[in-house]
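Residue-level structural notes
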Amino acid sequence: MHHVPRAFTGGFVDDGAVDALNDARRRGTKIIVVDPRRSGSAAIADRWLRVRPGCDLALLLGIAHVLIAEDLYDHEFVTRYTTGFDELAQAARAWTPEWAESMCDVPADDIRATARDLAAAAPAAVVDAGFHGGIGIAYANSTQTARAICMVDVLLGCIGHAGGALNPSTPLVLGDLDPARFATPPVPRGPKLGSERYPLVDPVRGLCTTIGQSILAGDLCGLIVYASNPGAGYGNAQAWLGILQQLDLLVTIDIRWSETARASDFVLPDVTYLEADRGVGTVVGVNDSRVFYRNAVLPVQHDDTRPGREIFAGLAQACGVGEYFQFTFDDLAAARWRLLGLIWTSSRSAAGPTRVLRCRRVRASRRFPWMAAKLRWQATCGNEPAWVCAQLDRAHGGAGPGMFRLISGNRPFESHTSRRLAAQGAAEAGSNLDAVQMNADAATRMGIADGEIVELVSDMGRDRVRVETTPYLHPACIFTSAAPGGRSFGADAGGAQALGVGPLDHTPLRWDR
């Protein structure tokens, strides 16, 4: 039997999870979606909680209050795996559903019902982090929101439980090359960027958005940007471009002439994903898992491009460490497959470019070998408990006439790879890819008609946008497509700025939260 959550609360579902979510719903899972807009996942939910943008934290604290006040939490789990619960319970007395409603606009009765539904289904229940709520760092309080999500999941006792919060660690494990054929390189032991400044950052991975701070501090003088575009893909692109210009050396490896590439000292053109071997990958299904290796589908199309692995091997050779990069993709694949208990024979298959093996699925067990110490409910922020320091100022969610929170996301017809296809899908759905959506009642109060062109202004700049009105959006926010638009898309053929606004065009660059 495939275990699914009996109660699921979240705000973002990627394309690969849609079928599983629908299947779970057919089998009795209750789905509750938290989102300022009625998204595609909200449309199939049993309950849509139209939260005020940036105030998810208040909603979570209200749920925690109900779980504790009504004695619905998992006593055994909390006692065994946590410490400091009495202090948490004391603080939670103030987080009543009525208080939470005053902050997040979700009715108090819906907050109680959600907490009770989660408790009734626990431990086969989970509050999913959601890309724009907890893990996406879309708000100044997103770190505290992510911690509050963990708090509720721990109260439910669903951590590591089948049907609950299955979040195993995901170390970057590539396997070991044959030591008889390949020398083992010395591993740099210095801390990764951001791990010293921010203690919650994974010390192995670091934090890419702290690169800017390191450049400004003079700690970083050279940078290779691979398959990324901080000149347009991070908050306040213009500020990022200015910071990158302070480097002594900037190199970009990409398949396109991106904003970062234009600012670089050197651009090393990569090949597309169809022109390169993609290596070993895994797909987890309902009843089994599949391990695959995919060869290049097309030969390299342009003589001046190289696969990324060849580019890095060439850089290593030029830097005097080329002896550590003599392995082939077959060698790397064999090392990866050995981790899975499989024997690699050859990457070339007469059956086609993709080789697939079916593997037995490993069931989840309720064991916690990763818990070397108990989880502490309370961390300090200065002299105050962390939950008191959380930013819960209602004004941050948009306040006053004409003031809104700009949010973004995907609609079912959108694509990250083809703006043309996304625009075509929008037209077929009776929408406009470059338009922003606005709550219909808020638009009426401001005298804005559906389809009208208005000017959107913030401290970051101004853009001309077309407005689509809808009742399915919190009145405190404006919604823009995650597909590029406005300044992200550029000017039209006549040189005039295109209508629309990109999701990051009005996002400030902040390192203080």
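Every value quoted in this text rests on a predicted model; they were computed, and no experiment measured them. (Residues numbered from 1 in each chain as written. Predicted model: local features only at pLDDT ≥ 70, side-chain atom pairs only at ≥ 80, totals over all residues. Heavy atoms only, no water.)

Each helix and strand in the protein chain was counted, giving 18 helices and 19 strands. Put simply, the protein chain has 513 residues, and 41% of those count as buried. Put simply, of all contacts in the protein chain between residues at least 6 apart along the chain, 64% involve residues at least 24 apart. Of the roughly 28,000 Å² that the protein chain leaves accessible, carbon and sulfur atoms contribute 53%. (Helix = DSSP H or I, 4+ residues; strand = E, 2+ residues; numbered from the N terminus. Buried < 20%, exposed > 50% of the residue type's maximum accessible area, 1.4 Å probe, protein only. Contact = heavy atoms within 4.5 Å. Areas by Shrake-Rupley, 256 points an atom, 1.4 Å probe, with all protein chains shown as cover.)

Topologically, aspartate 254 is positioned in strand 7 (residues 249–254). With near-sequence residues (within four places) excluded, aspartate 254 lies in contact with Ser228, Leu268, Pro269 and Asp270.

This next bit is on the sheet that holds strand 8 (residues 266–269). Taken in spatial order, the three strands of this open sheet run 6-7-8, and their pairing is parallel. This sheet does not close on itself; its edge strands, each paired only once, are strand 6 (222–226) and strand 8. Taking each pair of neighbouring strands and ignoring which way they run, the sheet shows an average axis angle of 15°. The sheet contact formed by strand 7 and strand 8 spans four bridges and is parallel. What sits directly across from aspartate 254, in strand 8, is proline 269. (Pairing = 2+ DSSP bridges. Axes fitted to C-alpha atoms, helices over the stretch in contact; angles between N-to-C directions.)

Our next topic: the pattern of salt bridges. Taken as a whole, this structure holds 10 salt bridges when the rule is applied. Arginine 112 is the partner of aspartate 109 in a salt bridge, and the nearest nitrogen-oxygen pair spans 3.5 Å. Of this pair, aspartate 109 and arginine 112 are both found in helix 7 (residues 108–121), three residues apart, which corresponds to roughly one turn of the helix. Taking the relative accessible area as the measure of exposure, aspartate 109 reaches 57% and is therefore exposed. By sharing partners, the salt bridges in this structure join Asp23, Arg26 and Arg27 into a single network. (Salt bridge = Lys/Arg side-chain N within 4 Å of Asp/Glu carboxyl O.)

Overall, the prediction assigns the protein chain a mean pLDDT of 77, with 71% of residues at 70 or greater. The model gives residues 357–370 a pLDDT under 50, and that stretch makes 34 contacts with residues more than four places away or in other chains. (pLDDT = per-residue confidence, 0-100.)

Here we come to helix 5 (residues 85–92). What helix 5 keeps buried is the set Phe85, Leu88, Ala89, Ala91 and Ala92. Viewed end-on, helix 5 has its buried residues packed into an arc of 165°, placing them on one side of the element. (Arc of directions from axis to C-beta.)

This paragraph deals with a nonpolar patch on the surface. On the surface, Ile224, Tyr226 and Phe312 cluster together into a nonpolar patch covering about 270 Å² of accessible area. If you trace the backbone, isoleucine 224 turns up in strand 6. A relative accessible area of 43% places isoleucine 224 in the partly exposed class. (Patch = residues over 30% accessible without salt bridge, like charges linked within 9 Å, V, L, I, M, F, W, Y side chains within 5 Å.)

Right, let's get into helix 7. An ideal rise of 1.5 Å per residue puts 20 Å on 14 residues; helix 7 measures up with 20 Å between its terminal C-alpha atoms. Those residues of helix 7 lying buried are Ala108, Ile111, Arg112, Thr114, Ala115, Asp117, Leu118, Ala119 and Ala121. (Expected span 1.5 Å × (residues − 1).)

On to unusual backbone geometry, then. A cis amide bond links alanine 122 with the next residue in sequence, proline 123, at an omega value of 10°. When you line up the elements, proline 123 lands in the loop between helix 7 and strand 5 (125–127). Positive phi is not limited to glycine here, since aspartate 105 has a value of about 70°. The exposure class assigned to aspartate 105 is partly exposed, which follows from its relative accessible area of 29%.

Okay, the sheet that holds strand 15 (residues 405–409) next. Spatially, 15-19-16-18-17 is the arrangement adopted by the five strands of the open sheet, whose pairing is mixed. Looking at strand neighbours, the two that pair on one side only are strand 15 and strand 17 (453–458), the edges of this open sheet. Neighbouring strand axes in the sheet, compared pairwise and without regard to direction, differ in orientation by 40° on average. Pairing between strand 17 and strand 18 (residues 461–470): six bridges, direction antiparallel. Within strand 18, the position partnered with valine 454 by the bridge is valine 465.

With that settled, the discussion passes to the packing of aromatic side chains. Given two aromatic rings, one states the distance between the centres and the angle between the planes to describe the pair. Summed over all chains, the structure comprises five aromatic pairs. Where tyrosine 226 meets phenylalanine 312, the ring centres are 5.3 Å apart and the plane angle is 85°; that geometry is what we call edge-to-face. Taken together, the residues tyrosine 226 in strand 6 and phenylalanine 312 in helix 14 (residues 308–318) connect sequence positions 86 residues apart. Tyrosine 226 sits in the partly exposed class, given a relative accessible area of 40%. For phenylalanine 312, a relative accessible area of 31% gives the class partly exposed. Following the ring pairs from residue to residue traces out a cluster consisting of Phe182, Phe325 and Phe327. Here the guanidinium or amino end of arginine 38 rests over the ring plane of tyrosine 472, the centre of that ring lying 5.2 Å away. (Phe/Tyr/Trp six-rings, centres within 6.5 Å; stacked < 30°, edge-to-face > 60°. Lys NZ or Arg CZ within 6 Å of the ring centre and 35° of its normal.)

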